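A structural walkthrough
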Amino acid sequence: MKHRFSAAWLAVGCLTLTLPPVGRAELPPAVYAQEQRQAPYALELLVRSVHRTGSVAAGQQLQVVAQVLEVKRQPASARLKPGDQIRLSYGLPPARPQGWAGPSPVPPLEPGERVPAWLSPDPAGPGRFQPAAGGRSFGPAIGLDG
């Protein structure tokens, strides 16, 4: 019985060593372009305020208040219009080691910044939104040919 238990652990160990390591790979631009196209809201925003909690080492949470400058796309049932104020909530990952590869983090917004935004409703409540296109949720649209 003792040999069977050891053999089982040896098999698990060998299997673990032969599996590819779990990691996060960089995403191709086409993924972000698709996320931008599928985002329910495409807006132009003016960032009014940004409140950060947490630490850079452990990751931060951002609470952003922004004014809608232009509505480029929204669901038919939505009623956003220029001049409306919205709230965004999202996290920034902890500092990454040099050479780290992975999906682009959502960039931090700064007060006074004017940005295109691709957003989804935040389940936290009406008038609240979250990034919908990962690291390309704010900034220029990704246009890909083909």
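Here goes a summary of the coordinates provided. Note that the coordinates shown come from a computational prediction; the quantities given were computed from them, not determined experimentally. (Residues numbered from 1 in each chain as written. Predicted model: local features only at pLDDT ≥ 70, side-chain atom pairs only at ≥ 80, totals over all residues. Heavy atoms only, no water.)

1. Points about the packing of aromatic side chains
A complete count under the given rule lists 2 aromatic pairs for this structure. Pairing Tyr41 with Phe129 gives two aromatic rings, centres 4.9 Å apart and planes at 80 degrees, and the pair type is edge-to-face. Within this pair, whereas Tyr41 is found in strand E1 (residues 41-55), its partner Phe129 is found in strand E5 (residues 128-131), the two being separated by 88 residues in sequence. The class of Tyr41 is buried, set by a relative accessible area of 9%. Centroid distance Tyr90 to Phe138: 5.7 Å. Interplanar angle 45 degrees. Geometry classified as tilted. Placement of Tyr90 in strand E3 (residues 85-92) and of Phe138 in the segment after E5 is noted, with a sequence separation of 48 residues between them. Each member of the pair, Tyr90 together with Phe138, is buried. In this structure, Arg136 is placed above the aromatic ring of Tyr32, and the distance from its NZ or CZ to the ring centre is 5.1 Å. (Phe/Tyr/Trp six-rings, centres within 6.5 Å; stacked < 30°, edge-to-face > 60°. Helix = DSSP H or I, 4+ residues; strand = E, 2+ residues; numbered from the N terminus. Buried < 20%, exposed > 50% of the residue type's maximum accessible area, 1.4 Å probe, protein only. Lys NZ or Arg CZ within 6 Å of the ring centre and 35° of its normal.)

2. So, the layout of surface pockets
A volume near 160 Å³ is recorded for the largest pocket. For the largest pocket, the lining is made up of 12 residues, of which Pro93, Arg96, Pro103, Ser104 and Pro105 are closest to its centre. Class assignment of the residues belonging to the lining of the largest pocket gives a composition of 6 nonpolar, 4 polar and 2 charged. (1 Å grid on protein atoms, 1.4 Å probe; cavity = no way out; pocket = protein on both sides within 12 Å on 5 of 7 lines; lining within 4 Å. Points joined across faces, edges and corners; volume = space filled by probe spheres on them. Nonpolar A, V, L, I, M, F, W, Y, C, P; charged D, E, K, R; others polar.)

3. Concerning the environment of Glu113
Residue placement: Glu113 occurs in the loop between E3 and strand E4 (114-121). Residues Glu113 and Ala66, 47 residues apart in the sequence, show an inter-C-alpha distance of 9.4 Å. If near-sequence neighbours (up to four positions away) are discounted, Glu113 is found in contact with Leu45, Leu46, Val47 and Pro108. (Contact = heavy atoms within 4.5 Å.)

4. Thoughts on the side chain of Gln60
On the secondary structure map, Gln60 appears in strand E2 (residues 59-73). The class for Gln60 is buried, based on a relative accessible area of 13%. A distance of 2.9 Å separates a polar atom in the side chain of Gln60 from a polar atom in the side chain of Arg52. The residues touching Gln60, leaving out its near neighbours within four places in the chain, are Arg52, Thr53, Gly54, Ser55, Tyr90, Gly91 and Leu92. (Polar contact = N/O pair within 3.5 Å; in protein donor to acceptor, adjacent residues only side chain to side chain.)

5. Here we look at the sheet that holds E1
Within a sheet, each strand pairs with its neighbour through backbone hydrogen bonds, oriented either parallel or antiparallel. Spatial ordering of the closed barrel is given by E1-E2-E3-E5-E4, a layout of 5 strands whose pairing is mixed. The sheet shows a mean angle of 50 degrees between the axes of neighbouring strands, direction not considered. Of the pairings in the sheet, the one linking E1 to E4 comprises 6 bridges and is antiparallel in character. For Leu43, the partnering residue across the bridge sits in E4 and is Ala117. (Pairing = 2+ DSSP bridges. Axes fitted to C-alpha atoms, helices over the stretch in contact; angles between N-to-C directions.)

6. Comments concerning the environment of Arg128
You can see Arg128 is positioned in strand E5. On the basis of relative accessible area, Arg128 is assigned to the partly exposed category, the value being 24%. Considering only alpha carbons, one finds Arg128 and Ser89, 39 residues apart in sequence, at a separation of 7.6 Å. Once residues within four sequence positions are removed from consideration, Arg128 is found in contact with Gln63, Arg87, Ser89, Ser120, Pro121 and Asp122.

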